[in-house]
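Spelled out from the first residue to the last, the chains are:
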Amino acid sequence: MNKHNDKGVALITGASSGIGATYADRLAHRGYDLILVARDAPRLEQLAARLRADAGIRSEVFRADLTQGADLASLEQRLRSDATITMLVNNAGVAVGGPLVGGDLTSMEAMIDLNVVAVTRLASAAATNFVARGAGILINLSSVLALAPEQFNAVYSATKAFVLNLSLSLHQELSPSGVQVQVVLPGATRTAIWARADIDVANLPASMLMEVEEMVDAALVGLDRRELVTIPSLPDSADWEAYTAARLYLGPNLSRQHAAARYKSVDHSTASA
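Everything in this summary refers to the structure shown in the same document. (Residues numbered from 1 in each chain as written. Predicted model: local features only at pLDDT ≥ 70, side-chain atom pairs only at ≥ 80, totals over all residues. Heavy atoms only, no water.)

Description of the overall build of the protein chain
Then, in step 1: Within the protein chain, the regular secondary structure consists of eight helices and seven strands.
Then, in step 2: For 273 residues, the compact-globule estimate of 2.2 N^0.38 gives 19 Å, and the C-alpha radius of gyration of the protein chain, at 21 Å, lies within 12% of that figure.
Then, in step 3: Expressed along its principal axes, the backbone C-alpha trace of the protein chain runs to roughly 75 × 45 × 40 Å.
Then, in step 4: Residues counted as buried form 42% of the 273 residues belonging to the protein chain.
Then, in step 5: A separation of at least 24 residues holds for 68% of the contacts in the protein chain among residues at least 6 apart in sequence.
Then, in step 6: Element-wise, carbon and sulfur atoms account for 53% of the exposed surface of the protein chain, whose accessible area totals about 14,400 Å².
Then, in step 7: In the protein chain, the 23 positive side-chain charges and the 28 negative ones have mean positions that sit 5 Å from each other. (Helix = DSSP H or I, 4+ residues; strand = E, 2+ residues; numbered from the N terminus. Rg over C-alpha atoms; globule rule 2.2 N^0.38 Å. Buried < 20%, exposed > 50% of the residue type's maximum accessible area, 1.4 Å probe, protein only. Contact = heavy atoms within 4.5 Å. Areas by Shrake-Rupley, 256 points an atom, 1.4 Å probe, with all protein chains shown as cover. Lys, Arg positive; Asp, Glu negative; His and termini not counted. Charge placed at Lys NZ, Arg CZ, Asp CG, Glu CD.)

Dropping the structure here:
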């Protein structure tokens, strides 16, 4: 850490562009030293050099392909063992377009490896470190599609629903140990993820598309307010609170000894023979 740093080190995955690179910029200017993780080492080196010059912080490049077991294991080990790491921004992810039936299952499996498996393993490694010290911040990047699966394909939205549920549960598990968990649900954000999914961002209504800097700045405001769930585009937080209350209201009736009465009255005119 630099000698003036009392924040520690933020490790950011998917840091070479877009949301990850913007988090790197903002956290550097908040005084964090950085470990920047992505596959594109030259772009990471350029970003690290700029942030060292602009913000006076230390910035390390950690080249890794998180769909590869050896790279993922190496990063997990770093997260578990490095006591200077105080924040994980679990941002690396990919979108694969197209339907499940007839779709590219190899690409979808790779998306699950990155969006689900890597996110889970890195969260576990960081949480192990943070719980042992009684402090730390875990930020997981989900998507509003976790709440609106009908608006995109099945597998991508399912991976983001996993991240949301993982984060909600981890908050319950980790908060008694002093670990802060935040899950960020961006809407459509202007990043390279669209081109990589063969989607033309120009086809999206301008009213739906947020610039990446505005999205990350809003997410950090949510972090400062200690929000568990941050939806940068949602105008009224009461809407999320109502959604959560409705979900929790179901709780007492989700698992009972007997089937509900509505399933015990058979309409013989529609019952199958």
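Notes on a nonpolar patch on the surface
Then, in step 1: Together, Leu-100, Val-101 and Leu-105 line one region of the surface with nonpolar side chains, adding up to about 330 Å² of accessible area.
Then, in step 2: As for its placement among the helices and strands, Val-101 is situated in the loop between strand S4 (85-90) and helix H4 (105-133). (Patch = residues over 30% accessible without salt bridge, like charges linked within 9 Å, V, L, I, M, F, W, Y side chains within 5 Å. Salt bridge = Lys/Arg side-chain N within 4 Å of Asp/Glu carboxyl O.)

Here we look at the sheet that holds strand S2 (residues 33-38)
Across a sheet, paired strands are connected by hydrogen bonds in the backbone, their directions being either parallel or antiparallel.
Then, in step 1: Reading across the sheet, the seven strands line up as S3-S2-S1-S4-S5-S6-S7 and stay open at both edges, with parallel pairing between neighbours. Looking along the sheet, the strands with just one partner apiece sit at the ends: strand S3 (59-63) and strand S7 (229-230).
Then, in step 2: Relative to S7, strand S6 (residues 179-184) is paired through two bridges, and the arrangement is parallel. The residue of S7 that forms the bridge with Val-184 is Thr-230. (Pairing = 2+ DSSP bridges.)

Here we look at helix H5 (residues 154-174)
Then, in step 1: The terminal C-alpha atoms of H5 lie 30 Å apart, and with 21 residues this matches the ideal 30 Å at 1.5 Å per residue to within 8%.
Then, in step 2: Along H5, the residues classified as buried are Val-155, Tyr-156, Ser-157, Thr-159, Lys-160, Val-163, Leu-164, Leu-166, Ser-167, Leu-168, Leu-170 and Leu-174. (Expected span 1.5 Å × (residues − 1).)

So, the pattern of salt bridges
Then, in step 1: Taken as a whole, this structure holds 11 salt bridges when the rule is applied.
Then, in step 2: Here Arg-50 and Asp-25 are joined by a salt bridge, their closest N and O atoms 3.3 Å apart. Remark: Asp-25 occurs in helix H1 (residues 18-29) and Arg-50 occurs in helix H2 (residues 41-55); sequence separation between them is 25 residues.
Then, in step 3: Taking the relative accessible area as the measure of exposure, Arg-50 reaches 38% and is therefore partly exposed.
Then, in step 4: Two residues, Glu-211 and Arg-190, come together in a salt bridge whose shortest N-O distance is 2.8 Å. With Glu-211 in the loop between helix H6 (193-196) and helix H7 (212-224) and Arg-190 in the loop between S6 and H6, this pair connects stretches of sequence that are 21 residues apart.
Then, in step 5: Classification of Glu-211 as partly exposed rests on a relative accessible area of 35%.

Considering the layout of surface pockets
Then, in step 1: In this structure, the second largest pocket encloses a volume near 430 Å³.
Then, in step 2: Around the second largest pocket sit 20 residues that line it, and Glu-227, Val-229, Thr-230, Ser-237 and Trp-240 are the ones nearest its centre.
Then, in step 3: If you list the elements that add at least two residues to the lining of the second largest pocket, you get H7, S7 and helix H8 (237-249).
Then, in step 4: No other element matches H8, which puts six residues into the lining of the second largest pocket.
Then, in step 5: Taken together, the residues of the lining of the second largest pocket break down into 11 nonpolar, four polar and five charged. (1 Å grid on protein atoms, 1.4 Å probe; cavity = no way out; pocket = protein on both sides within 12 Å on 5 of 7 lines; lining within 4 Å. Points joined across faces, edges and corners; volume = space filled by probe spheres on them. Nonpolar A, V, L, I, M, F, W, Y, C, P; charged D, E, K, R; others polar.)

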